Amino acid sequence: MADREIHEMISSFAAGCMDRENFINFKSYMLKGNDLPYRELGELQNTIALLPVILEKELPSEEIKNKILSKTFVQESPLSAEDELPENKDEILPEPSKEEKIDLNKITDEIKDEEIAAMPLSFTKISGKEMEEKLPQVPEKNLQFFIPISFCFFLFLPV
Amino acid sequence: MQETAEIKENILFQKIAAGDRDAFKEIFELYSPVIFPLIKKIVIEEKTAEYILSEVFRIIWVKAPVLKIKNVYAWIVTLARNRAVDSLRRSNSDSETIDFYDEEYEDFFILPALSALIMTFGIEYALTKADLVKKSLEELTEAQKYVIHLAFYEGLTLIEISKKLHIPVETVRTKILIALQILKEKINAPEAANG
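Residues numbered from 1 in each chain as written. Chains lettered and ligands numbered in written order. Predicted model: local features only at pLDDT ≥ 70, side-chain atom pairs only at ≥ 80, totals over all residues.

Draft legend 1. Summary view of the overall build of chain A. Helix and strand counts for chain A come out as eight helices and zero strands. When the elements of chain A are put in sequence order from the N terminus, they spell out α-α-α-α-α-α-α-α. For chain A, contacts bridging at least 24 residues in sequence account for 86% of all contacts bridging at least 6. (Helix = DSSP H or I, 4+ residues; strand = E, 2+ residues; numbered from the N terminus. Contact = placed C-beta atoms within 7 Å.)

Below is the structure:
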């Protein structure tokens, strides 16, 4: 069985809540085919993907459907993000959800009160920083600056 | 679970790869009733939801055929969720911190990276699990449900959830782990599968 931090990482990855840097590191690590509990990860990804089945089903109108189908069949290049946002940004800010109205203090207290001993898995603790160090860093693309600078240097060498 | 080759969606995806528009329409009919409410729950605004839905199907049309997708159901749902959350995060961020949305960005941050060992099933099977998923969610504590909601539907990261709830990041991480383990065990319990 893998360590606690690995389980925490794959849970966060499956839930889609990793912070940007950890996401980049984790996904790069995964794409290289490095060792991970892939069966466990797949089970968690399937679990998360099942959450929307409880939402009330809604088939888009025929108008939307036809618009999407005709748009899809002619479109080949991806759209830019600029195309996506309406001019008035405020228009797409979400309304507070029902869950937002939950008393946050109550939730926080509950979290603090819950006993770690009641956890279904027994693992050792690890800090966020340690987790970051555990995964490889993505190399920065700085070679593009190095090559032109080197070339300029050779231009000034005495013949 | 079914064999990959027996699942309707996998057959449809093979047809889409060959440019079959009817197969694509069938995927739309099968999946839009599930992913449209999901997108609307995330982005709220109707017009934005319609746009995101069109984006999801554009990605399916353009990219899905060239990818080897084992669980089409999990892939489409995760894709819809990722695309909607990305839109939500963009609308909540200032323009200086937003990544440019191009193909490279889409491939890395939007396309789902599912485990190679993921079990496969189709949407018909997934819909039979609705009552069980609902019941399993009800058995979580309010705090566990809330962190899952914040992560999955509101697209908050661990740090953002930590700040919102005034609790350490490690606690949030643990909450997510425990909540998902409980859900996984309850949804996949043998008696649940039989019943």
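Draft legend 2. Inspection of the overall build of chain B at higher detail. When you go through chain B residue by residue, the secondary structure sums to eleven helices and zero strands. Reading the helices (α) and strands (β) of chain B from amino to carboxyl end gives α-α-α-α-α-α-α-α-α-α-α. Computed over C-alpha atoms, the radius of gyration of chain B comes to 18 Å, within 12% of the 16 Å expected from 2.2 N^0.38 for 195 residues, which places it in the range of a compact globule. The dimensions of chain B, computed from C-alpha atoms along their principal axes, are 50 × 50 × 30 Å. Out of the 195 residues belonging to chain B, those deemed buried represent 48%. If you take every contact in chain B between residues at least 6 apart in sequence, the share linking residues at least 24 apart comes to 71%. (Rg over C-alpha atoms; globule rule 2.2 N^0.38 Å. Buried ≥ 20, exposed ≤ 12 C-beta atoms within 10 Å, placed from the backbone.)

Draft legend 3. Seen up close, the interface of chain A and chain B. The interface of chain A with chain B comprises 69 residues on the first partner and 86 residues on the second. At the level of elements, α1 (4-15), α2 (20-31), α3 (38-49), α4 (62-74), α5 (81-84) and α6 (104-113) of chain A are the ones that each hand at least two residues to the side of chain A that touches chain B. For the side of chain A that touches chain B, the element with the highest residue contribution is α3 of chain A, accounting for eleven residues. Looking at the side of chain A that touches chain B residue by residue, the classes come out as 36 nonpolar, 14 polar and 19 charged. (Nonpolar A, V, L, I, M, F, W, Y, C, P; charged D, E, K, R; others polar.)

Draft legend 4. Local environment of unusual backbone geometry. Residue and element names in this part refer to chain B. The backbone of I44 shows a phi angle near 65 degrees, a positive value even though the residue is not glycine. You can call I44 partly exposed: it has 18 C-beta atoms within 10 Å. Phi at H166 is positive, roughly 55 degrees, even though this residue is not glycine. By the element assignment, H166 lies in the loop between α9 (158-165) and α10 (169-187). Accessibility expressed as a C-beta count within 10 Å gives 12 for H166, which makes it exposed.

Draft legend 5. Structural detail: the domain arrangement of chain B. Residues and elements named next belong to chain B. Segmenting chain B into domains produces domain 1 (1-128) and domain 2 (129-195). Just the C-alpha atoms count here: the centres of domain 1 and domain 2 sit 22 Å apart. Each side of the interface is counted separately: domain 1 has nine residues, and domain 2 has five residues. Elements that contribute at least two residues to the side of domain 1 that touches domain 2 include exactly α2 (21-43), α4 (72-92) and α6 (123-128). Tallying contributions element by element places α4 first for the side of domain 1 that touches domain 2, with four residues. For the side of domain 1 that touches domain 2, the residue count by class is five nonpolar, one polar and three charged. (Domains from an automatic or database assignment.)

Draft legend 6. Region of interest: the nonpolar core. Grouped together as the largest cluster of nonpolar side chains are 78 residues, with contacts concentrated most on I35, I39, I76, V147 and A151 of chain B. When residues of this core are assigned to domains, at least three map to each of domain 1 (1-128) and domain 2 (129-195) of chain B. Ignoring any residue separated from it by four or fewer positions in sequence, one finds A151 of chain B in contact with A15, G16 and C17 of chain A together with L156, I161 and I176 of chain B. (Core = buried A, V, L, I, M, F, W, Y, C linked by C-beta atoms within 7 Å.)

Draft legend 7. Examining the environment of T72 of chain A more closely. Of note, T72 of chain A is situated in helix α4. Classification of T72 of chain A by C-beta neighbours within 10 Å gives buried; the count is 22. Excluding residues that lie within four positions of it along the chain, T72 of chain A makes contacts with F57, R58 and W61 of chain B.

Draft legend 8. Broad picture of the packing of helix α1 (residues 8-17) of chain B against α2 of chain B. Residues and elements named next belong to chain B. Relative orientation of the contacting elements α1 and α2 amounts to 140 degrees, with a least axis distance of 8 Å. As judged from the angle between their axes, α1 and α2 are oblique. Crossing hand, α1 versus α2: left-handed. Mapping the contact onto sequence places E9, L12, K15 and I16 in α1 and A23, F24, E26 and I27 in α2. (Axes fitted to C-alpha atoms, helices over the stretch in contact; angles between N-to-C directions. Parallel < 35°, antiparallel > 145°, perpendicular 65-115°, else oblique. Left-handed = near helix turned anticlockwise from the far one by under 90°.)

Draft legend 9. Layout of α1 of chain A. All names here are of chain A. With twelve residues, α1 should reach 16 Å at 1.5 Å per residue; the first-to-last C-alpha distance of 16 Å fits that figure. Buried residues dominate α1, accounting for ten of its twelve residues. Within α1, the full set of buried residues consists of E5, H7, E8, M9, I10, S11, S12, F13, A14 and A15. Positive backbone phi, approximately 70 degrees, marks G16, located one or two places after α1. (Expected span 1.5 Å × (residues − 1).)

Draft legend 10. Structural view of the environment of A17 of chain B. All names here are of chain B. Of note, A17 is situated in helix α1. Here A17 falls in the partly exposed class, since 13 other C-beta atoms lie within 10 Å of it. Sequence separation between A17 and K63 is 46 residues, and the spatial gap between their C-alpha atoms is 9.0 Å.

Draft legend 11. Representation of the confidence of the model for chain A. Residue and element names in this part refer to chain A. Mean pLDDT over chain A works out to 68, with 45% of the residues at or above the 70 mark. Mean pLDDT values for the elements of chain A range from 40 in α5 up to 97 in α3. Low pLDDT, under 50, characterises residues 77-101; the stretch is placed with 30 contacts to residues that sit more than four places away or in other chains. In the model, residues 115-147 has pLDDT below 50 throughout and makes 33 contacts with residues more than four positions away in sequence or in other chains. (pLDDT = per-residue confidence, 0-100.)

Draft legend 12. Structural context of the confidence of the model for chain B. Residues with a pLDDT of 70 or more make up 94% of chain B, whose mean pLDDT is 92. ipTM for the predicted complex: 0.94, alongside a pTM of 0.77.

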